[in-house]
Structure formats: structure tokens, C-alpha cells
Amino acid sequence: MKSYISRAMKIQKRIEEMASCSDDENVLSRVFGTKSFIDCNQKIAAWMSGSGLQTQIDNIGNVRGKLMSNNPNARTLVIGSHYDSVINAGRYDGPLGILAGMDIAEQIIGQKKQLPFHLEIIAFSEEEGVRFSTAYMGSRAVAGNFDPHILAYKDESGIAVSTVLETMKCQSALISEDCIPEKEWLAYLEIHIEQGPVLYEKNIPVGIVSAISGQRRVEILFSGEAGHAGTVPMNMRKDALAAAAHFIVGVEEYASHERRNVVATVGKIVVPNAAGNVIAGNVFCTLDLRSPDQARLAKAYEALNILCEEICRKRNIYFEWKLVMETEPVICDESLKSLLSHSIKRKNIESVSLVSGAGHDAVIISKVAPVVMLFVKCFKGISHNPLENVEIEDIAAAIEVTDDFINRLASQYSK
């Protein structure tokens, strides 16, 4: 265990170094395409190259390091996670999975071990969907289902994805050439903090993800009529902010209903030209819907769209409803979960299965390859928050379990 603690400490040190790459010197924020984002991908690329991996930065900004098998016709096992972040983020969401994968590869290279499959470590460039309100750009490119219409998406400053890629010296026309063809995939493994309290409450270092919730993201624009706060009678107002507020409360009430099995969040609201003495003419907000049940997710989406329509009709407000992202629930691969469970039990750890309410790059990769995820215990399950924290001992447990999993997988494909 001593050697695993040492390896975990190296991972922790690199996590701190990645955290220094931030758009804001006071909090950790690293969104797609910024200077700190580019500094971070250069740092990751240097680590990968220094460890002996064949390293490249592809045309969507993914940093990729490959360890080739002696068998040129071998398929590829990918270990990956993302290096972008939310605003005011924690240090472990994404980077832990990248650096744990790099550590695994470094050990294999150091031991001069031959694998019956290629091993590729991928630091996905964009998963959170913060800057352009659409997530998983990095994994979509690798899976071969990147939508070129995304290149025209613009951020709040009016800068398009295509322009950001030019700044990064990426060639957007070649994104489709960076994918791993479906027939060349062996499997995908993602190591990630749990982002929930189950492992923390049970004091179990790692757990297996059984399924990942589906998700729909919506952008909504409420358009009323701006007016003077002191002169427009209450019964004659077309207050876009009041309509949005009514909708937000309705979203919470709908999702809170017993046995809905849905979570719903209005996480962003913008009031253009806001002033204390002006009735809001326009309001923009986002809606995030998630459920492990596809039918319930679809039902919630329809119900909330109808709710928005009813509120706006009663208040004489025009609204625009735009679906910007949709993913279906994912069931992780049974055979890979079984192998991972054996590795966990071999380390005298209780094998726990968890459903992930958070989305992950594994959602996108599941369309082309079998996927499995290993969750790592984090402090109180806190995530997307500076209080994110993982103990060295739990990082050590995660890489020890992963080492055993890789050996089991190699043994299985050597037969």
C-alpha cells in the first residue's frame, strides 16, 4: 500500500498544479478555450509526453496519450475524463480521472508490460457546457458524433466555437478525423469523484456506477414589455421577470413531487438592462432536467414546456423554448462492472453500486463502446464547489483497484 500512497501523492501534486490554471485568480474557473485552459492542456501534454505516451492535442483540444500494443490490430481501451471546469469549481472533478489514468499508464510503461490492447489516456477538452451551453464537445469528437453546427454557437461575448478553436490552433474541419472508429474500441473507463454522499456516509473509498441519468438542457427567453416601475399599473404589466419567477417555482414544485424520479434546476438567469425602477422586458434562463428513467425524463420535459406556455399565456408574455442538449440514460456494461467488482472485493473493499445523477463523458462514449465508471469517495459528496476534497488514501485505493482491473482485462483478452 505504501507505493500506492506515493503514487496518490504524485497525483495530488499534479491536481494542485492543474488548479493553478484558472481564469480567475481568486477561484478555480477553467472554461473551454481560455488562456488558462490552453495553459492546462499544454501542462497535461507535457506530462503525457514525459511519461512515454505518444501524445497529441487533437482538433477539439482533447489531450491524448497512447500506449501501443505489440498487436497492431488490437482494439483500444480508453481511460479519460475532462479538464474544463464550472465557474468557482473544485479541483477534483475531471482532473482526478485524467491523472489517475496517466499514473496507470506510467506504471505499465515503467514495468515494460505488454498489453493485448492499446491504452489511450484522454483529457477531454469540454464536458461541463459552461461557455457555450452545450456539453461533451470533447467526447463527441472522439466518439465520432460531433455536430458541426456547434461550431457556430456563440458565448455571451458573441465569440463562436469556431473562433475559439482557431485561437487554440485547432482545425475544425478535421474534427471528424480525430474519432476512434467504433470497431476499434475495446472499452472506456472513467474514474471520477462520486459527487454524492453515499460513499462518504458509508466510509467506502470507491464504488461502481451502475447507470448514468439522462439529461435535457433548455434555454428559455421570456419577452414582455419594459416599463416604468412607478407608472404602469399592476394589472397592465407584461413583467418578464415575474413570469420567469413563476416558472422557476413551478419547476421546483414539479420535480419535488413524490416519486417523480426527476431532478430539475434553473441554474442561470439573466435580466438584460436591469434596473431597480424598471419592469423587466426580457429574461433569459436555463433549465436542466435529469432522470435515470427515459420515459419520466420525456414526461417532465413535456410537462414543464406546457407549464411555461400556460404561465406566459396568462401573463401575456411571449416565450422561446430551445432544447440545446439531450442525452439518454446509460446502463454501464455488465461484464466490465463484474470485473471491476472482483477487483474491489480483492482489495477487501465492499462493492457498492451507485446511480450517477451527474452526466459524464461516459454517456457519449457509450454510443460506440462498452463503458464502466469507478466513483471515488469525496468529502460529504460536495462537488462543483471549492470544498471538493478527496483523501490521499482514497486516491490510492482507486488506482490500486484500477491496476487490478487492467490486469484482469488484459488476462481476459490474452486468452
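None of these values were measured; they are calculated from a predicted model.

Quick word on the nonpolar core
The tendency in soluble globular proteins is for nonpolar side chains to be buried as a group. Among the nonpolar cores identified, the biggest contains 101 residues, and Ile44 and Ile365 are the most heavily contacted of them. With 10 residues, the single largest contributor to this core is helix H11 (residues 392-414). Apart from the residues lying within four places of it in its own chain, the contact partners of Ile44 are Met18, Val63, Tyr83, Ile98, Met102 and Ala123. Listed in part, the 27 residues of the second largest apolar core include Val251, Leu289, Leu304 and Ile311.

Here we look at the pairing of strand E7 (residues 214-223)
Of all 10 residues making up E7, 9 are buried, and the element is well covered by its neighbours. For E7 and strand E12 (residues 282-291), the ladder comprises 10 bridges, and the chain directions are antiparallel. If you follow Leu221 over to E12, its bridge partner there is Phe284. Sheet analysis places E7 next to strand E13 (residues 318-327), joined by 9 bridges and oriented antiparallel. The residue bridging Ile220 from the neighbouring strand is Trp321, located in E13.

A few points about the packing of helix H7 (residues 240-256) against helix H8 (residues 294-315)
H8 packs onto H7 with a crossing angle of 150 degrees between their chain directions and a minimal axis gap of 10 Å. Judged by the inter-axis angle, H7 sits roughly antiparallel to H8. Crossing of H7 against H8: the hand is right-handed. Residues Ala242, Ala243, His246, Phe247, Gly250, Val251 and Tyr254 of H7 form the contact with H8, whose participating residues are Lys299, Ala300, Ala303, Leu304, Leu307, Cys308, Ile311 and Arg315. Here the contact of H7 with H8 is composed, by residue class, of 11 nonpolar, 2 polar and 2 charged.

Remarks on helix H2 (residues 35-51)
Its 17 residues place the ends of H2 25 Å apart at the C-alpha level, agreeing with the 24 Å of an ideal helix rising 1.5 Å per residue. Regarding H2, the residues found buried are Ser36, Phe37, Cys40, Asn41, Ile44, Ala45, Trp47, Met48 and Ser51. In this structure, the buried side of H2 is in contact with helix H1 (2-19), strand E1 (54-57), strand E2 (63-67), helix H3 (95-110) and strand E4 (118-124). Positive phi appears at Gly52, one or two residues downstream of H2, with a value of about 105 degrees.

Comments concerning a nonpolar patch on the surface
Side chains of Tyr200, Phe379 and Leu387 sit close together on the surface and give an oily, nonpolar patch of about 260 Å² of accessible area. Mapped onto the elements of the fold, Tyr200 is located in helix H6 (residues 198-202). Judged by its relative accessible area of 30%, Tyr200 falls in the partly exposed class.

Calculation rules
Residues numbered from 1 in each chain as written. Predicted model: local features only at pLDDT ≥ 70, side-chain atom pairs only at ≥ 80, totals over all residues. Heavy atoms only, no water. Core = buried A, V, L, I, M, F, W, Y, C linked by side-chain atoms within 4.5 Å. Buried < 20%, exposed > 50% of the residue type's maximum accessible area, 1.4 Å probe, protein only. Helix = DSSP H or I, 4+ residues; strand = E, 2+ residues; numbered from the N terminus. Contact = heavy atoms within 4.5 Å. Pairing = 2+ DSSP bridges. Axes fitted to C-alpha atoms, helices over the stretch in contact; angles between N-to-C directions. Parallel < 35°, antiparallel > 145°, perpendicular 65-115°, else oblique. Left-handed = near helix turned anticlockwise from the far one by under 90°. Nonpolar A, V, L, I, M, F, W, Y, C, P; charged D, E, K, R; others polar. Expected span 1.5 Å × (residues − 1). Patch = residues over 30% accessible without salt bridge, like charges linked within 9 Å, V, L, I, M, F, W, Y side chains within 5 Å. Areas by Shrake-Rupley, 256 points an atom, 1.4 Å probe, with all protein chains shown as cover. Salt bridge = Lys/Arg side-chain N within 4 Å of Asp/Glu carboxyl O.

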